[in-house]
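Residue-level listing of the chains:
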Amino acid sequence: MCRICKINAISRLAIVLTLLWGILTFPFVAKGQTLPAKSLPGKLAAPSKTNLRPDTIPRSPILPLPMDSTKGLKDSTQKSTDSMVQRIDTIRMSKDSIDAPIHYAAEDSGIMVIPTKEFLLYGKAKVNYTDLKLEAATIQFDQGSQLVKAYGALDTTGNPLSKPQFTQGEMKSVSDSIFFNMKTGKGLTKNSFFQEGEIYVNARDLKKISKDEVFASRALFTTCNLDVPHYHFRTSKMKIINNKLGIAGPSFPEFEGVPMPIGIPFGIFPLSRGRHSGILPPAFTASPDFGLGLEGLGYYKVLNDNIDATVRSNIYSFGGWMVNLNSKYLKRYAYTGNFNLTMQRTRSLNNTAGAKEEFNDARSFMINWTHSRDSRARPGTSFSANVNFGSSRFNQNVLNNPFVNFQNNLSSSISYSKDWKGKYNLSLNFNHSQNNNLRLVNLTLPTVNFNVVTFYPFQKKEAVGSPKWYEKIGVGYSGNLQNQIAFYDTAFNFRRLLDTMQYGAQHNIPITLSLPSLGPITVAPGMSYQETWYGQRIVRTWDSSASKVDTTIQRGFFAARQMSFNLGFNTRIFGTYRYGPNSKVLALRHEIRPSISLYYQPDLVSRYYSRVQVDTSGRTINVSGFEGGLYSVYAPGQNGGISFGIDNLLEMKTRNKKDTADKAGKKVRLLDGFGFNSGYNFLQDSFQLQNFTFYARSTLFEKVNITAGALLNPYGVDSLGYPVNKLVFDPARFKFGRLVSGNLAISTSFSSKRKDGKKAQDRNLPTDPFMTPDEQMRQLQFARANPAEFTDFNIPWNINLSYSLTFSRVLKPDYSGFTTQTFSSLNFNGDFNLTPKWKVGAMGFYDVSNNRLTQLSTFITREMHCWQLSINVNPVGIFRSFNITINPKSGILRDLRINRARSFTTQQF
């Protein structure tokens, strides 16, 4: 018989046997019951779940239909209300029947053995039953025992072919053979491979006792996803609970097939998805200054769906310790926040020669709180908090975190705001600033701001025709109220705290007028009234006996007022220079934005100024009694003149090298902005020409960011640095005055092309929208402190450089002259690949002003596919340390590490 005829005969036989299977499966059918729908080839249909026993259902007699004796027949259109017929249908199900459809398929053939109630599939067989899926070379089903057997096969070369694959829910396994009972849900497999979460398991014998629980005997488990893993753990017994827990008995690691002489007595691996409570294991450390220690020991607790808490601690043998409590709370569409409390005792050996105390002891604390409310929770209002408050020496006492060690400023802000339909807005702010070097703390509580958006009092409600000029007069208001307290944390005293309290308020009423443009010139007239309230006034007098200036603070209510009028003009001028057709540069475009403003300020504050002698030579200066207050003081005397400035933008257009037909070319900004501002006061009797402010900013070659600024005074100075009414301004010689202050910032970043071809934005890590700014900053600090754990081997090399310079001339506290303060620093960060698997890098901070390297961190890392080796060394800084860590990359085995760390202090606490 030909093969095609044989296949057709088998198909016809399969249809006949399917019908016989249905008859055998449902042998008992009550009279009047319709048979279930015939199963199509490839599907075994289950009977209805109705299972009514005949002996438990009361049967009603079948009542005869009433007949009309005169007609002999009942009218077919008449509806009978005197009688009815009730028929009960019952089903008896076979004990070995299935409770759900079975979908099957086979590439070769299927055989049904009716006497033994067996069904066999050959050749890439597939069976789907409820949530079970089975694929194998051969599948055998015994209906009597509900047992499924699956086997693999070998190809012509003797290699495995179509190994049995069993899937139930999220658990999938590949085995040499599978035995599974469909009624009990239990099974046994041989030489099975399966994955649960991040764990890959190979078990000689695997026993499934329920849907979610399996036992493994003589198993190997690893987190390496290669066919031949780099490492694995060998254990004699293991239990896995799906999506919950993995437990292993005594386990011994093997690397590249080589057994290690060490082992672990047992292993517990959390497999739960989502949040769950648990112990946080510590890491061992040793330091000659702090002793032996355990770092990171703690506990994570899920309080409810919206709040969790993490407690971590560090303990050292010399008596030092640290306890950290971190809690995150979140309610979608309402609020999110994070609270962090850290308390520590830093106790280290006193290495000072001749010291009486054996240990240096310091206690410190830090409180961090961030909170933000969703704008949809209460439209029109907002509340947010970012609090960072603690001991001035806390950052310096944090071990092995050089970036935190050099953070000398802390700031906090708690704010609430409310808006009234865009017409008025109110904000309340509680601010805090802290200088860790000076140990000075400033608290501003509260700061109240109230603003009235510009309104037009003369504007008609219903505009008709062109508006009159006075209808464009706009009036606004802005008010500010402050209350500030300052103290040194080393000399905190409540009485002194009240003595340092300052309060005040400032009001500003601007009046503007919108006028039509005069061609290319925009005209903007305006006036404003300002009033400032002070809570104190400083009286300065010269003490001839002590040859110094004495200061006296007078408490009370004081007010200063200022009024100003201005008329501004500004325009834009464009110029383009085009190059020849063979030039690589198509054109240069220059944009000039000049501005001129006429202003006048009457003298309303001279009575608050006084001449004070500042040295024995009789020199006097004009000082305001409100200097040193919350608000800046108004300038004395009449002020009227002109202020002017010029801003420039320079662009270049180059030819497209890749597309010669592109006439538009490519725009390149040479200078994003450069210019100057100054003014001339006609009403002053001296120093009429104002200071010149120069600025420039540019991004050269889209790589180098440059920002620069300078302040020039056009007048000369005497021997002590005080200005004299003598101009040194000479534009013909490009001399615009005496340099008073300046700043320069340069930053750049260079890197090679990525090996994987991705762009820089493609490799950015996703941002958690519910992560607080404090948590993002902590992650960034950890990445900076441990760069070896965040290296990218797809970039062969990269380097980042930044340089900053600031200087200024400031008056000495004793008025004896001026001094120049200069700050200059260089930051660098870079790495490169020694080999495709080895990377070396460093980052640091160089203090150019003091000519010393302040901080240096270096690292070496080795990529090992499923493992990583990182070496971090901090040879320069407040704490010198090194750390060597070898650990798996897998999240569930991150605490299974080999760690060696040492730290040394370079300062006394």
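This structure is a prediction, so every number in the text was calculated from the model and none was measured.

Criteria and thresholds
Residues numbered from 1 in each chain as written. Predicted model: local features only at pLDDT ≥ 70, side-chain atom pairs only at ≥ 80, totals over all residues. Heavy atoms only, no water. Helix = DSSP H or I, 4+ residues; strand = E, 2+ residues; numbered from the N terminus. Buried < 20%, exposed > 50% of the residue type's maximum accessible area, 1.4 Å probe, protein only. Contact = heavy atoms within 4.5 Å. Areas by Shrake-Rupley, 256 points an atom, 1.4 Å probe, with all protein chains shown as cover. Salt bridge = Lys/Arg side-chain N within 4 Å of Asp/Glu carboxyl O. pLDDT = per-residue confidence, 0-100. Core = buried A, V, L, I, M, F, W, Y, C linked by side-chain atoms within 4.5 Å. Patch = residues over 30% accessible without salt bridge, like charges linked within 9 Å, V, L, I, M, F, W, Y side chains within 5 Å. 1 Å grid on protein atoms, 1.4 Å probe; cavity = no way out; pocket = protein on both sides within 12 Å on 5 of 7 lines; lining within 4 Å. Points joined across faces, edges and corners; volume = space filled by probe spheres on them. Phe/Tyr/Trp six-rings, centres within 6.5 Å; stacked < 30°, edge-to-face > 60°. Nonpolar A, V, L, I, M, F, W, Y, C, P; charged D, E, K, R; others polar. Pairing = 2+ DSSP bridges. Polar contact = N/O pair within 3.5 Å; in protein donor to acceptor, adjacent residues only side chain to side chain. Disulfide = S-S within 2.5 Å.

S.K.: How would you sum up the overall build of the chain? Please name residues and give values.
M.R.: Counting its secondary structure elements, the chain contains five helices and 54 strands. When burial is assessed residue by residue, the chain has 33% of its 909 residues classed as buried. Within the chain, contacts between residues separated by at least 24 positions form 52% of all contacts whose residues are at least 6 apart in sequence. Approximately 54,300 Å² of the chain is accessible, and the part contributed by carbon and sulfur atoms is 59%.

S.K.: Let's hear about the pattern of salt bridges: which residues, and what values?
M.R.: Within this structure, the stated rule accounts for 20 salt bridges. Note that Arg-376 and Asp-374 form a salt bridge whose closest N and O atoms lie 2.9 Å from each other. The salt bridge involving Lys-839 is made with Asp-831; its shortest N-O contact spans 3.2 Å. Classification of Lys-839 as buried rests on a relative accessible area of 0%. Exposure remark for Asp-831: the relative accessible area of 14% places this residue in the buried category. When salt bridges with common partners are traced through the structure, they connect Arg-572, Arg-589, Glu-591, Arg-593, Asp-647, Glu-651, Arg-669 and Asp-672 into a single cluster.

S.K.: Go over the confidence of the model for the chain, please, and point to the residues and values.
M.R.: Within the chain, residue pLDDT values average 79, and 82% of them lie at 70 or more. Strand β25 (residues 307–316) holds the highest mean pLDDT among the elements of the chain, 93, whereas strand β1 (residues 28–29) holds the lowest, 35. Long-range and interchain partners of residues 1–89, a stretch whose pLDDT sits below 50, account for 73 contacts in this model, where long-range means more than four residues apart. Across residues 760–767, where pLDDT falls below 50, the model places four contacts with residues more than four positions away in sequence or in other chains.

S.K.: Hey, could you go over the environment of Met-112 for me, with residue numbers and the actual values?
M.R.: Considering the arrangement of structural elements, one finds Met-112 in strand β5 (residues 109–113). Separated by 28 residues in sequence, Met-112 and Gln-140 place their C-alpha atoms 9.9 Å apart.

S.K.: Would you mind going over the nonpolar core in detail, with residue names and values included?
M.R.: Formed by 21 residues in total, the largest nonpolar core has its most connected members in Val-201, Phe-221, Tyr-231, Met-238 and Ile-240. Those elements giving two or more residues to this core turn out to be β15 (199–208), β16 (213–222) and β17 (231–241). What Tyr-231 contacts, discounting residues up to four positions off in sequence, is Thr-222, Thr-223, Cys-224, Glu-254, Phe-255, Cys-866, Trp-867, Pro-888 and Leu-893. If you look at the next biggest cluster of nonpolar residues, it comprises 20 residues, including Met-112, Ala-125, Tyr-129 and Ala-136.

S.K.: I'd like a rundown of a nonpolar patch on the surface, residues and numbers included.
M.R.: There is a patch of nonpolar side chains on the surface, built from Phe-750, Trp-797, Ile-799, Leu-801, Phe-832, Leu-834, Trp-838 and Ile-860 and spanning about 690 Å² of accessible area. Here Leu-834 shows up in the loop between β49 (818–833) and β50 (838–847). Judged by its relative accessible area of 53%, Leu-834 is exposed.

S.K.: I'd like a rundown of empty space enclosed by the protein, residues and numbers included.
M.R.: Scanning the entire structure with this criterion turns up seven cavities of 30 Å³ or more. Taken as a whole, the largest cavity holds about 200 Å³ of empty space. For the lining of the largest cavity, the secondary-structure elements that each account for two or more residues are β4 (102–105), β6 (118–129) and β7 (132–142). The greatest single-element share of the lining of the largest cavity, amounting to five residues, is contributed by β7.

S.K.: An account of the environment of Ala-377 is requested, with residue identities and associated values reported.
M.R.: Along the chain, the position of Ala-377 falls in the loop between β28 (359–373) and β29 (381–390). Measuring from C-alpha to C-alpha, the distance between Ala-377 and Tyr-335 comes to 7.9 Å, with 42 residues separating the pair along the chain. Residues contacting Ala-377, with those up to four places away along its chain left out, are Tyr-333 and Ala-334.

S.K.: Tell me what's going on with the packing of aromatic side chains, and back it up with residues and numbers.
M.R.: Considering all chains together, one arrives at 27 aromatic pairs under this definition. Pairing Phe-676 with Phe-692 gives two aromatic rings, centres 6.2 Å apart and planes at 35 degrees, and the pair type is tilted. A residue pair is termed long-range when its members are at least 10 positions apart, and Phe-676 in strand β42 (residues 666–681) and Phe-692 in strand β43 (residues 692–700) qualify at 16 residues. When its relative accessible area of 22% is taken as the criterion, Phe-676 is described as partly exposed.

S.K.: Tell me what's going on with the layout of surface pockets, and back it up with residues and numbers.
M.R.: By volume, the second largest pocket amounts to about 1,600 Å³. Lining the second largest pocket are 39 residues, with Asn-622, Phe-687, Asn-713, Pro-723 and Phe-818 positioned closest to its centre. For the lining of the second largest pocket, the secondary-structure elements that each account for two or more residues are β39 (609–613), β40 (620–624), β44 (704–713), β45 (715–717), β47 (738–751) and β48 (797–811). For the lining of the second largest pocket, the element with the most residues is β40, which contributes four residues. When its residues are assigned to classes, the lining of the second largest pocket shows 20 nonpolar, eleven polar and eight charged.

S.K.: I'd like a rundown of the pairing of β48, residues and numbers included.
M.R.: Direction of pairing for β47 relative to β48: antiparallel, over a ladder of eleven bridges. Pairing of Ser-749 across the sheet is with Asn-800, part of β48. One ladder, built from 15 bridges, connects β48 with β49; its direction is antiparallel. Pairing of Ile-799 across the sheet is with Gly-830, part of β49.

S.K.: Help me get a handle on the pairing of strand β23 (residues 283–287), residues and values and all.
M.R.: Summarising the sheet, β23 and strand β24 (residues 291–302) pair through five bridges and their orientation is antiparallel. Paired with Phe-284 across the strands is Leu-294, a residue of β24. Between β23 and the antiparallel strand that follows it, β24, lie three residues.

S.K.: So, the side chain of Thr-189: which residues are in play, and what are the values?
M.R.: Mapped onto the fold, Thr-189 is located in strand β14 (residues 187–196). Engagement of the side chain of Thr-189 in a polar contact is seen with the side chain of Ser-192, the distance being 2.4 Å. With residues up to four places along the chain from it excluded, the contact list for Thr-189 reads Ser-175, Ser-177, Ile-178, Arg-204, Asp-205 and Leu-206.

S.K.: Explain unusual backbone geometry residue by residue, including any values.
M.R.: In this model, Leu-445 is joined to Pro-446 through a cis peptide bond whose omega is -10 degrees. Even without glycine at this site, Gln-146 takes up a positive phi of about 60 degrees. Structurally, Gln-146 can be placed in the loop between β7 and β8 (147–151). Phi at Lys-421 is positive, roughly 55 degrees, even though this residue is not glycine.

S.K.: Account for the environment of Ser-802, with residues named and values stated.
M.R.: Within the secondary structure layout, Ser-802 lies in strand β48. For the pair Ser-802 and Phe-828, spaced 26 residues apart in the sequence, the C-alpha separation amounts to 6.6 Å. The contact partners of Ser-802, leaving out residues within four places of it in the chain, are Ile-746, Ser-747, Ser-825, Leu-826 and Asn-827.

S.K.: Explain the state of the cysteines to me, and be specific about the residues and the numbers.
M.R.: If you walk through the whole model with that rule in mind, you get zero disulfides. Free cysteine Cys-224: the closest other cysteine sulfur is in Cys-866, separated by 3.6 Å. On the accessibility criterion, Cys-224 (2% relative accessible area) is buried.

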